[in-house]
Amino acid sequence: MNDILDFGLDDLSSVDDDSEEAMEALWTGDLTVLSQRHTTPNGSHSFVLAHDRSVTWGIPGEPPLVAIAVARDLRQSTFTFETSHHATASFAQNWLAERGCPLERIALHGGYYIEPADDLTLQVEQQIQKWGTRYEVLDTYTSDDNPSEAWTLVNDSQATQAPVRLFYEEWNHGAGTYTMREGAFPDVGVAQTWLDERSEPLPEPPEYSDHNGAVVRARIARIALSRSAGTSPTPQTGLDAPRASAVVPVQRAVQGRLL
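Figured I'd write up the structure that's included with this text. (Residues numbered from 1 in each chain as written. Predicted model: local features only at pLDDT ≥ 70, side-chain atom pairs only at ≥ 80, totals over all residues. Heavy atoms only, no water.)

### Some thoughts on the overall build of the protein
- On a plain count of helices and strands, the protein comes out with five helices and 10 strands.
- Accessible surface computed for the protein: about 12,700 Å², of which carbon and sulfur atoms make up 49%. (Helix = DSSP H or I, 4+ residues; strand = E, 2+ residues; numbered from the N terminus. Areas by Shrake-Rupley, 256 points an atom, 1.4 Å probe, with all protein chains shown as cover.)

### Quick word on a negative patch on the surface
- Together, Asp16, Asp17, Asp18, Glu21 and Glu24 make up a negatively charged patch on the protein surface.
- Within the secondary structure, Glu21 sits in helix H1 (residues 17-25).
- For Glu21, a relative accessible area of 51% translates into the label exposed. (Patch = residues over 30% accessible without salt bridge, like charges linked within 9 Å, V, L, I, M, F, W, Y side chains within 5 Å. Salt bridge = Lys/Arg side-chain N within 4 Å of Asp/Glu carboxyl O. Lys, Arg positive; Asp, Glu negative; His and termini not counted. Charge placed at Lys NZ, Arg CZ, Asp CG, Glu CD. Buried < 20%, exposed > 50% of the residue type's maximum accessible area, 1.4 Å probe, protein only.)

### A closer look at the nonpolar core
- Leu5, Phe7, Leu9, Leu31, Val48, Ile68 and Phe81 are the most contacted members of the largest nonpolar core, which has 15 residues in total.
- Going through the elements one at a time, strand E2 (31-38), strand E3 (45-52), strand E4 (65-73) and strand E5 (78-86) are the ones with two or more residues in this core.
- A per-element tally of this core places E4 first, with three residues.
- In this view, Phe7 contacts Ser46, Val48, Ile68, Val70, Arg72 and Phe81; residues no more than four positions away in its chain are not counted.
- Counting 12 residues, the second largest nonpolar core, distinct from the first, contains Leu34, Leu49, Ala69 and Cys101. (Core = buried A, V, L, I, M, F, W, Y, C linked by side-chain atoms within 4.5 Å. Contact = heavy atoms within 4.5 Å.)

### A look at the sheet that holds strand E6 (residues 115-116)
- If you trace the five strands from one edge of the open sheet to the other, you get E6-E10-E9-E8-E7, paired in mixed fashion. Since the sheet does not close on itself, it has two edges, and those belong to E6 and strand E7 (135-143), each with one partner.
- Strands E7, strand E8 (149-156), strand E9 (164-172) and strand E10 (177-185) of the sheet are contacted by helix H4 (residues 188-197), whose axis makes an angle of about 20 degrees with E9. (Pairing = 2+ DSSP bridges. Axes fitted to C-alpha atoms, helices over the stretch in contact; angles between N-to-C directions.)

### Quick notes on the pairing of E7
- Bridging between E7 and E8 involves eight bridges; their strand directions are antiparallel. Following the sheet pairing, Asp139 is matched in E8 by Leu153.
- Counting the residues in the hairpin turn of E7 and E8 gives five residues.

### Details of the pattern of salt bridges
- Applying the stated criterion across every chain yields a total of seven salt bridges.
- Of the charged contacts in the structure, one is a salt bridge between Arg134 and Asp156, with a shortest N-O distance of 2.7 Å. Taken together, the positions of Arg134 in the loop between helix H3 (119-130) and E7 and Asp156 in strand E8 put the pair 22 residues apart, joining distant regions of the chain. Exposure class is identical for Arg134 and Asp156. Each is buried.
- For Arg165, the salt bridge identified is with Glu182, shortest N-O distance 2.8 Å.

### A few points about the side chain of Glu149
- By the element assignment, Glu149 lies in strand E8.
- A polar contact of 3.0 Å, which involves the side chain of Glu149, links it to the side chain of Arg198.
- Apart from residues no more than four positions distant in its own chain, Glu149 is found in contact with Tyr141, Thr142, Ser143, Tyr168, Glu169, Glu170, Trp171 and Arg198. (Polar contact = N/O pair within 3.5 Å; in protein donor to acceptor, adjacent residues only side chain to side chain.)

### Things to note about the packing of aromatic side chains
- As enumerated under the stated definition, the model contains seven aromatic pairs in all.
- Taken together, a centroid distance of 5.2 Å and an interplanar angle of 75 degrees make the contact between Tyr135 and Phe167 edge-to-face. Of this pair, Tyr135 sits in strand E7 while Phe167 sits in strand E9, placing them 32 residues apart in sequence.
- The class for Tyr135 is buried, based on a relative accessible area of 7%.
- Between the aromatic rings of Tyr168 and Trp194, the centroid separation amounts to 6.0 Å while the plane-to-plane angle is 80 degrees, which identifies the pairing as edge-to-face. Of the two residues, Tyr168 sits in strand E9 while Trp194 sits in helix H4, which places them 26 residues apart along the sequence. (Phe/Tyr/Trp six-rings, centres within 6.5 Å; stacked < 30°, edge-to-face > 60°.)

Written out as structure tokens, the structure reads:
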């Protein structure tokens, strides 16, 4: 994957101070591009998912993935520039989709990233990618130590029970795979206790055990079928125009699942 970024903004002016600051704060030389999408006509939008190598020497737990969205108004010779840091690719893809990037255009296929270990991992990731602003990110963390993991703690606006959700990703570098699981908690304190102690299995969301559990199993079955048929299970959004901004995650979490 090409890791040289050139947004072609030399002849354009930023529309506001936020765009100017976001562009100046981004050191493209530290980025390894994992996926990118540039739209037409005339390259009006750019969407990039990249790994920030500088986090290796940064604050422990800092999020290693950066999502970048650029919108150009060529008639006015202006641009907007947004960035957001994430612990896992699925949340970065959600952020980009909210700004108009079709999910299938920002998917990761091999290369720098290791593979999902099972269909449940794909189901949980798709749930994150396509649910818009359903999840309010409260905290994140990433570690290459033992265990090699990343997690994102969120508030689920659609959950009627246990609204605090923990999306927990663990990597098996020896096998070249990773798993993603969703845990459910009544509040942030209980979730933090689980993270600190790890004395019990990650509690599954209540909907996994009620009638909605059948929906979850059906989705996993469809993913398995699409994989066996050689088709992409990534849902298509068909969007090419920016949407309203989503919640930007708290920047806390270090490396990624790069091989």
